[in-house]
Amino acid sequence: MLLRKIILLFSVIVFAQTFAQRKKTDTVYVYEKVIVYDTIYLEKAIRLKPAFLTFSPLQIQHKEINSKHQIVDKTELEELIKKTSNTGFKYGIQGGIGFKNANWAENISGKQQQFAQNLGIWISKSIINPNFSLMLSANVFHWNSTFDLDANREETYLNGFYFSENNQPLLFQRFNNKHYEYVVQLKAIYEWRKIRPFVGFLANKNIYKMQFLVPENNILNKLDDFKTNKINFGYSLGFQYRIFSRFMIDLEYQHYKIRNLSLKNSSFDFDIFKTNNTFAERKISLGISYFISK
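The structure presented is a predicted model; accordingly, all values stated were derived computationally and were not measured.

(A) Spatial organisation of the pattern of salt bridges. Here the structure, examined in full by the defined rule, presents nine salt bridges. A salt bridge links D148 to R153; its shortest N-O distance comes to 3.1 Å. Within the structure, one salt-bridge network assembled from shared partners comprises K100, E181, E281 and K283.

(B) Seen up close, the sheet that holds strand β7 (residues 179–190). Taken together, the eight strands give a closed barrel; going around it, the order is β1-β2-β3-β7-β8-β11-β12-β15, and neighbouring strands pair in antiparallel fashion. Across the sheet, the mean angle separating the axes of adjacent strands is 25° when strand polarity is ignored.

(C) Just the side chain of T228, in detail. Positionally, T228 belongs in the loop between β10 (219–227) and β11 (231–242). Within the structure, the side chain of T228 is placed 2.5 Å from the backbone oxygen of N206, a separation counted as a polar contact. Among the polar contacts made by the side chain of T228, one reaches the main-chain amide nitrogen of Y208 at a distance of 3.0 Å. Setting aside chain neighbours within four positions, we find T228 in contact with K205, N206, I207, Y208, L261, S262 and L263.

(D) Quick peek at the packing of aromatic side chains. Here the structure, examined in full by the defined rule, presents 12 aromatic pairs. When the centroid spacing of 5.4 Å and the interplanar angle of 55° are considered together, the rings of F99 and F115 count as tilted. In this pair, F99 sits in strand β1 (residues 89–102) while F115 sits in strand β2 (residues 114–126), placing the two residues 16 residues apart along the sequence. Classification of F99 as partly exposed rests on a relative accessible area of 36%. A ring pair is formed by F147 and F175, whose centres lie 5.9 Å apart and whose planes are at 55°; its orientation type is tilted. With F147 in the loop between β3 (132–143) and β4 (148–150) and F175 in strand β6 (residues 169–176), this residue pair connects regions lying 28 residues apart in the sequence. F147 gets classed as buried once you look at its relative accessible area, which sits at 8%. In this structure F175 comes out as buried when scored by relative accessible area, which is 6%. Each residue in the set W104, F147, F175 and Y208 is aromatic and connected to the rest through ring pairs, giving one cluster.

(E) Highlighting the environment of D225. By the element assignment, D225 lies in strand β10. On a C-alpha basis, the gap between D225 and Q211 in space is 4.6 Å, while along the polypeptide they are 14 residues apart.

(F) Here's a closer look at the pairing of β6. Alignment of β4 against β6, held across three bridges, turns out to be antiparallel. Residue D150 lies in a different strand from β6, and its bridge partner there is R174. Two strands pair when backbone bridges link them, and strand β5 (residues 161–163) and β6 are joined in this way by three bridges, in the antiparallel orientation. Looking at the pairing, F161 lines up with L171 of β6. The antiparallel hairpin formed by β5 and β6 contains five residues in its connecting segment, where N167 sits at a positive phi of about 65°. Bridge count between β6 and strand β9 (residues 209–216): four bridges; the pairing is antiparallel. If you follow R174 over to β9, its bridge partner there is Q211.

What counts as what
- Residues numbered from 1 in each chain as written.
- Predicted model: local features only at pLDDT ≥ 70, side-chain atom pairs only at ≥ 80, totals over all residues.
- Heavy atoms only, no water.
- Salt bridge = Lys/Arg side-chain N within 4 Å of Asp/Glu carboxyl O.
- Pairing = 2+ DSSP bridges.
- Helix = DSSP H or I, 4+ residues; strand = E, 2+ residues; numbered from the N terminus.
- Axes fitted to C-alpha atoms, helices over the stretch in contact; angles between N-to-C directions.
- Polar contact = N/O pair within 3.5 Å; in protein donor to acceptor, adjacent residues only side chain to side chain.
- Contact = heavy atoms within 4.5 Å.
- Phe/Tyr/Trp six-rings, centres within 6.5 Å; stacked < 30°, edge-to-face > 60°.
- Buried < 20%, exposed > 50% of the residue type's maximum accessible area, 1.4 Å probe, protein only.

Here it is, written out as structure tokens:
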């Protein structure tokens, strides 16, 4: 019994020493050291040496202000203010005289210039800027005669009988180049100071008359007129000069062509002296325009 206790005690001592000599596992802790870098800007005042800068003297500016080129004409300034403030429609009347040459009448009239009086109305409006405007005008010219052909007083190369398409006889009586002319025109005008140059496009109609004896109830005893009724187109050049605030002088050149000149009568389906030629008419007119609108 004692031996058993001795053996058990010995076994406990050996076992205790065995476990006492066994190595234990250690726990390792790892620490990370984080270093943060940042940029710091330091402002430091820097001394600068004064620079020698040069400026234009004020006296030069003073001279420019007092220069003669800076003097503004009071009249021109008032006119400019008036143009800028008044951009609506303007209208007025025109009257004057004119002279013209026609190719077809040169041989008959001995190359004499025709003289006329004219009267017209116009309306205009500024566009784009106050100095540029469009004008629409309508004029009536009364042209005096430069020759007179009368079959009852003398022999002319137009004397004799003419026959219509249904063989009705027509007897020539008289003709001259006295006539009315109607002109409608569109002008583009640019105003510079008191001068207003312009260029235009026009349409006109000359009313020439030729008298014939025509049959009535099969008897040749009725006087009737054969007239031109063709519209012609052309162009114009000229200028206007303002003499007062409401008055202008007009000088104008017109050129247009007459194609296939002929004379007709409403009662006869017949053209007298119809030609396939083209004739030119050139006209110079001088007049005065008056502004009715302010």
